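Working through the structure, step by step
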Amino acid sequence: MIEAVGLTKRYGAKTAVYNLSFHVRPGAVTGFLGPNGAGKSTTMRMILGLDNPTAGSVTVGGQPFRQTPNAPRQVGALLDAKAVHGGRSARNHLLSLAQLSGIPARRVDEVLGVVGLQEVAKKRSKGFSLGMGQRLGIAAALLGDPQVLLFDEPVNGLDPEGILWVRNLMKQLASEGRTVFVSSHLMSEMAVTADHLIVIGRGQLLSDMSVRDFISANSADFARVRTPDTEPQLREKLSAALSEAGAHVVPEPDGGLRVMGLPLPRISDLAHGADVRLWELSPHQASLEEAYMRMTQGAVDYRSTTDQKAGLMQQPQPGYGPPAQQVPDVPQQGWYAPPPPQPGQHPYAAPAADPRLPAGPAAAVPAAAPAPADPTKPEDPR
Ligand SMILES: Nc1ncnc2c1ncn2[C@@H]1O[C@H](COP(=O)(O)OP(=O)(O)OP(=O)(O)O)[C@@H](O)[C@H]1O
């Protein structure tokens, strides 16, 4: 269990994390999401005692990380896969970590097997591809067979087979009762890997709920209706009947209609009443990616001007814009997480107006690049 209470981190004038409180429970994969610069890595560093909170606290298994006895055997982490001595072989890198924590050498060979690096165990890691480096970082996290695991972007650079492997590994670790906390920008992957999500934006908690609840709370479900392609007048007729009944109807490029604000049986009845045959009437729910984009679009610091000019940041369809709350002057928790649907509220209701929330000032700190290893030198014996 990881428990953060009022966690805040300031770097000079920059508030990277503000008043963050959450629990990460054992036995589940908890995804940690947020736009670039949201504060995910800073939070993970504070969990691991690598950064001190300016205010608040965070514990792992009930204790601050630095006071955890034999911490590497309790908590494993992949924060930066490049933070490896490139002159060492994969095996020697893991051996040196194992020796520091009193972990037997046979465990090194075990984890090399788990991550699939046994064939290259004696090769210097500076020649590793991005994906191999990630596997080595995951091996280091698993070394102490810890109950709590943190992974910052573990699928970065992995090929599809590697991504699938990480997905299954995370699920397996959670099924063994471990606490698995994993950050990622790959929504499609999070949708199939995580059970629970903690979402932050500009250092503040936006959402803390199951993946399923997150999608329903942040998406406007709709119905798709298609009338016979050969009779366009039927589409017009149906569209008019649905609009008259209070639906919001948006034509789709393939000739279908997207209908918000009416449940499926009502749409069917109205079509029948208007004497319109249907070729399709289907319920649709947003993907995790759509729900995430909707929730976080007011908290994105870095957005390409060309994307905006080219219209790549689509204006949301009605029901797909950010919720209508204002950005407060004073930071406040969960300020634009819309409430989940109320009991009895039908699932096809389109939310109200959707003005874009203003983006805040961007502030970036360049990441420190690791010093390149000299490939001409032999493997460092340390
Ligand atoms: N050492 C530091 N000094 C000053 N500012 C920092 C420092 N570390 C992080 N920040 C700032 O804190 C904010 C949060 O950064 P952080 O790296 O935690 O975000 P993130 O959610 O992990 O982003 P990404 O998804 O891009 O990895 C950013 O604005 C960043 O520039």
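Up top is the structure these notes are about.
Since the structure is predicted, the reported quantities are computational estimates derived from the model, not experimental observations.

The rules behind the values
Residues numbered from 1 in each chain as written. Predicted model: local features only at pLDDT ≥ 70, side-chain atom pairs only at ≥ 80, totals over all residues. Heavy atoms only, no water. Salt bridge = Lys/Arg side-chain N within 4 Å of Asp/Glu carboxyl O. Helix = DSSP H or I, 4+ residues; strand = E, 2+ residues; numbered from the N terminus. Buried < 20%, exposed > 50% of the residue type's maximum accessible area, 1.4 Å probe, protein only. Pairing = 2+ DSSP bridges. Axes fitted to C-alpha atoms, helices over the stretch in contact; angles between N-to-C directions. Contact = heavy atoms within 4.5 Å. 1 Å grid on protein atoms, 1.4 Å probe; cavity = no way out; pocket = protein on both sides within 12 Å on 5 of 7 lines; lining within 4 Å. Points joined across faces, edges and corners; volume = space filled by probe spheres on them. Nonpolar A, V, L, I, M, F, W, Y, C, P; charged D, E, K, R; others polar. Phe/Tyr/Trp six-rings, centres within 6.5 Å; stacked < 30°, edge-to-face > 60°. Lys NZ or Arg CZ within 6 Å of the ring centre and 35° of its normal.

Close approach of charged atoms lets side chains of opposite charge pair. Counted according to the given criterion, the structure contains 13 salt bridges. Of the charged contacts, one joins Glu189 and Arg167 as a salt bridge, the two residues approaching to 2.8 Å between their closest N and O atoms. Of this pair, Glu189 sits in helix α7 (residues 187-193) while Arg167 sits in helix α6 (residues 160-175); the two residues are 22 residues apart in sequence, bridging distant segments of the chain. Of the residues examined, Glu189 reaches a relative accessible area of 9% and is grouped as buried. A salt bridge links Arg224 to Glu280, with the shortest nitrogen-to-oxygen separation between them at 3.0 Å. One end of the pair, Arg224, is in strand β10 (residues 222-226); the other, Glu280, is in strand β13 (residues 280-284), with 56 residues separating them in the sequence. Accessibility expressed as a relative area gives 9% for Arg224, which makes it buried.

Strand order in the open sheet formed by 4 strands is β11-β12-β10-β13, with antiparallel pairing between adjacent strands. Whereas interior strands pair on both sides, the edge strands pair on one side only; in this sheet they are β11 (248-251) and β13. Each neighbouring strand pair of the sheet contributes to a mean axis angle of 25°, computed without reference to strand direction. One ladder, built from 4 bridges, connects β11 with strand β12 (residues 257-260); its direction is antiparallel. When the sheet's bridge partners are listed, Val249 is paired in β12 with Val259. The strands that helix α10 (residues 264-273) touches are β10, β12 and β13; relative to β13, the one it contacts most, it runs at about 160°.

On to empty space enclosed by the protein, then. With the rule as written, the count across this model stands at 1 cavity of 30 Å³ or more. If you go around the largest cavity, the residues you meet are Pro154, Val155, Ile163, Val166, Arg167, Met170, Val182, Ser184, Glu189, Met190 and Thr193. Of all the secondary-structure elements, those providing two or more residues to the lining of the largest cavity are α6 and α7. The dominant element in the lining of the largest cavity, judged by the number of residues it contributes, is α6, at 4 residues. Tallied by class, the residues present in the lining of the largest cavity amount to 7 nonpolar, 2 polar and 2 charged.

Attention now moves to the packing of aromatic side chains. The geometry of an aromatic ring pair is captured by the separation of the ring centres together with the interplanar angle, meaning the angle of the planes. In the structure shown here, the tally under the stated rule is 3 aromatic pairs. Their ring planes at 45° and their centres at 6.1 Å tell us that Phe22 and Phe32 sit as a pair that is tilted. Pair noted here: Phe22 is in strand β2 (residues 14-24) and Phe32 is in strand β3 (residues 28-33), with a separation of 10 residues, a long-range link. Take Phe32: its relative accessible area is 0%, and that puts it in the buried class. In textbook terms, an aromatic cluster arises when at least three aromatic residues are bridged by ring pairs, as seen for Phe22, Phe32 and Phe181. The ring centre of Trp165 lies 4.7 Å from the NZ or CZ of Arg135, which sits over that ring. The ring of Phe222 carries Arg258 above its face, with NZ or CZ at 3.9 Å from the centroid.

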